[in-house]
Amino acid sequence: MPEEFGDWDPEIFEKHGREVISQIRGHFEKIRDVPVAVPRDPAELKSAVAADPPETGELFERVLADTWEKVVPGLVQWNHPSFHAYFPTSASLPGVLAETLTAALNVNSMLWQTSPAATALELVVLRWLAAMAGYPQDADGLLVTGASLANLYALAAARDHALDFDVRERGTGGPGAPTLRIYTSDQAHSSVDKAAITLGTGLANVVRVPSDEQYRMRPDLLDEAIRRDLAAGFRPLAVVATVGTTAVGAADPLERVAEVCAGHGVWLHVDAAYGGLYRLAPSLAGTLEDLSVGDSVVVNPQKTLFVPLDSTALFCRRPGALARTFRLVPEYLTSAHDGDTTDLMDLSPQLGRGFRALKVWWVIRTFGRAGLAARLDASVALARRLRERVDRHPDWTCPAPSAYPLVCLRYTPEAVTADPRLSEGRKREITDALNARILRRVNASGTAFLSHAVLRDGYVLRLSIGNIRTVGEDVERVWRELDRIAAAELAEPTGTTAWTDPA
Ligand SMILES: *Cc1c(COP(=O)(O)O)cnc(C)c1O
């Protein structure tokens, strides 16, 4: 093969690598000058990047320039300090570098034999993460692609545990097979529903237990639902409790939920994707739910521990349960096991798996446990301060409390709420529309990026704090901008918020 068809010379790699790293440095140094998101016409955006694959290789300088000019401006800057939508998944710089080395090594950690140190390191970081989350360190576990899949895998293990026949062999159906039910709160993440779809349990068999006034699952109603189902011949598959719900950051009362589960012998899975690792934060010490009552638990370092996408940890304290569901070794994957080794492919449906442990290891080692704790505490403090500001403002409210740095705010101006011409229903409609417009306008402005939720009080803006770069001045700026946009929207309504005409 002629030499020019090989890979880049490592010297060329270093030259380009230095340039890329220098540009990343510039990107972070100027990140506050860059809009968090710019609304773009989809057709225009697509045509800016549309092209046929080049027949011959292009100059890398050209590829890199196109990336910064045509691609990056069309992205939402998830690493921006004013990104407050959904849950921030901020990538710290040690994590960014770890991803580069991970790509260079391109290790597949499917078997112990295919990369012993990758598996060994994964077991170490899992133990660290379990300790941080307050879960038994000797639990089985693995790093997976996102909490949605972690929930699915845990529920597959729970299903096989719940059925007294060989599900792997026979499948879930057949004569006499019971209908399975999954119990979760009306606030649970949609990935529970998706797991029910994937497992063949069916959406109709996801029982959404009502939550209380603070959006926490009602254990008494959970107990009632299970009793009713047992009497009707259903078989409980699992209860999924949430620590850090998606809409408002509530936590289900785990101890009481676990008592209900124990009473009926039902598997308790805890989706602590958002809340689980906040147990590290000293300012929340003693106030959070105890995850160790869960048969299985998911926590998400990609969400709260400044590790780049993707890295989620799934733990299961029932020894061997994950392997009983997923271990399947064809001839071509058999390997010699000398000593105490683990093949991580045995614990999930995934075979080829990247070396996710390295970035978790680098981030935890470079910041330290206390350093991570201080960073989580800083977010909690910023959120508390913002909540105080909002509570003091006569035209804004925080309709739902959260221990975590997630602030739900709703613009409720007196001009609407005290207007005697308007019915209560109409006031709510107008306020909902106002808040939706505020969200659109702030996101279009590029100064911040927020998301929304619909609560019992109506439409709220969700402002989630957790980016590693966010400081007080950043939150202050977003708050001033929200209030300014809200006042402008009230004074000069646009679109559907035109409300002065009482309906
Ligand atoms: C984020 C989140 C999920 C989904 O996580 P992915 O990693 O995006 O799949 C599931 N449950 C909860 C409670 C979450 O916060």
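Just so we're clear, the structure is a prediction, and the values are computed from it rather than from any experiment.

I keep staring at the sheet that holds strand S3 (residues 206–209) and nothing clicks. Help me out?
The strands that make up a sheet are held in pairs by hydrogen bonds between backbone atoms, and each pair lies either parallel or antiparallel. Read across the sheet, seven strands follow the order S1-S7-S6-S5-S4-S2-S3 without closing on themselves; strand pairing throughout is mixed. The open sheet has two edge strands, strand S1 (140–144) and S3, and neither has a second partner. On average, adjacent strands in this sheet sit at an angle of 20° to one another, irrespective of strand direction. Note: strand S5 (residues 268–271) against strand S6 (residues 296–299), three bridges, orientation parallel.

Could you clarify how one ought to interpret the pattern of salt bridges in this entry?
Between side chains of opposite charge, pairing is possible as soon as their charged atoms come close. Applying the stated criterion across every chain yields a total of 30 salt bridges. A salt bridge links Arg62 to Glu58; its shortest N-O distance comes to 3.7 Å. Its relative accessible area of 41% is what places Glu58 among the partly exposed residues. A salt bridge links Arg208 to Asp193; its shortest N-O distance comes to 2.5 Å. On the criterion of sequence distance, the pair formed by Arg208 in strand S3 and Asp193 in helix H8 (residues 190–199) is long-range, its members being 15 residues apart. The exposure class assigned to Arg208 is partly exposed, which follows from its relative accessible area of 31%. Note on Asp193: relative accessible area 18%, which makes it buried. Taken together, the shared-partner salt bridges connect Arg389, Glu473, Glu476 and Arg480 into one network.

Would you explain the site of the ligand in this entry?
Taken together, 14 residues surround the ligand, and among them Ala147, Ser148, Asp271, Gln302 and Lys303 come closest. Between the ligand and Ser148 there is a distance of 2.7 Å, counted from an oxygen atom to a side-chain nitrogen or oxygen. One of the side-chain nitrogen or oxygen atoms of Lys303 is found 2.7 Å away from an oxygen atom of the ligand. In isolation the ligand has 390 Å² of accessible area, and contact with the protein removes 84% of it. Only helix H6 (146–162) and helix H11 (301–304) provide two or more residues apiece to the shell around the ligand. Looking at the shell around the ligand, the element that brings in the most residues is H6, giving three residues. Residues that form the shell around the ligand fall into these classes: four nonpolar, eight polar and two charged.

In this structure, what is going on with the sheet that holds strand S9 (residues 406–411)? I would like to understand it.
If you trace the four strands from one edge of the open sheet to the other, you get S8-S9-S11-S10, paired in antiparallel fashion. Here the strands that pair on one side only, and so sit at the sheet edges, are strand S8 (396–397) and strand S10 (451–455). Pairing of S8 with S9, which is carried by two bridges, proceeds in the antiparallel orientation. Within the sheet, the bridge partner assigned to Thr397 lies in S9 and is Arg410.

Would you mind going over the packing of aromatic side chains with me for this structure?
All told, the structure shown has twelve aromatic pairs when counted by the stated rule. Ring geometry for Trp8 and Phe60: centres 5.1 Å apart, planes at 80°, overall edge-to-face. Of this pair, Trp8 sits in the segment before helix H1 (10–29) while Phe60 sits in helix H3 (residues 60–71); the two residues are 52 residues apart in sequence, bridging distant segments of the chain. Over the aromatic face of Trp361 sits the side chain of Arg365, whose NZ or CZ is 4.6 Å from the ring centroid. One cation-aromatic arrangement involves Arg375 over Phe367; the distance from NZ or CZ to the ring centre is 3.9 Å.

Calculation notes
Residues numbered from 1 in each chain as written. Predicted model: local features only at pLDDT ≥ 70, side-chain atom pairs only at ≥ 80, totals over all residues. Heavy atoms only, no water. Pairing = 2+ DSSP bridges. Helix = DSSP H or I, 4+ residues; strand = E, 2+ residues; numbered from the N terminus. Axes fitted to C-alpha atoms, helices over the stretch in contact; angles between N-to-C directions. Salt bridge = Lys/Arg side-chain N within 4 Å of Asp/Glu carboxyl O. Buried < 20%, exposed > 50% of the residue type's maximum accessible area, 1.4 Å probe, protein only. Near = heavy atom within 4 Å. Polar contact = N/O pair within 3.5 Å; in protein donor to acceptor, adjacent residues only side chain to side chain. Areas by Shrake-Rupley, 256 points an atom, 1.4 Å probe, with all protein chains shown as cover. Nonpolar A, V, L, I, M, F, W, Y, C, P; charged D, E, K, R; others polar. Phe/Tyr/Trp six-rings, centres within 6.5 Å; stacked < 30°, edge-to-face > 60°. Lys NZ or Arg CZ within 6 Å of the ring centre and 35° of its normal.

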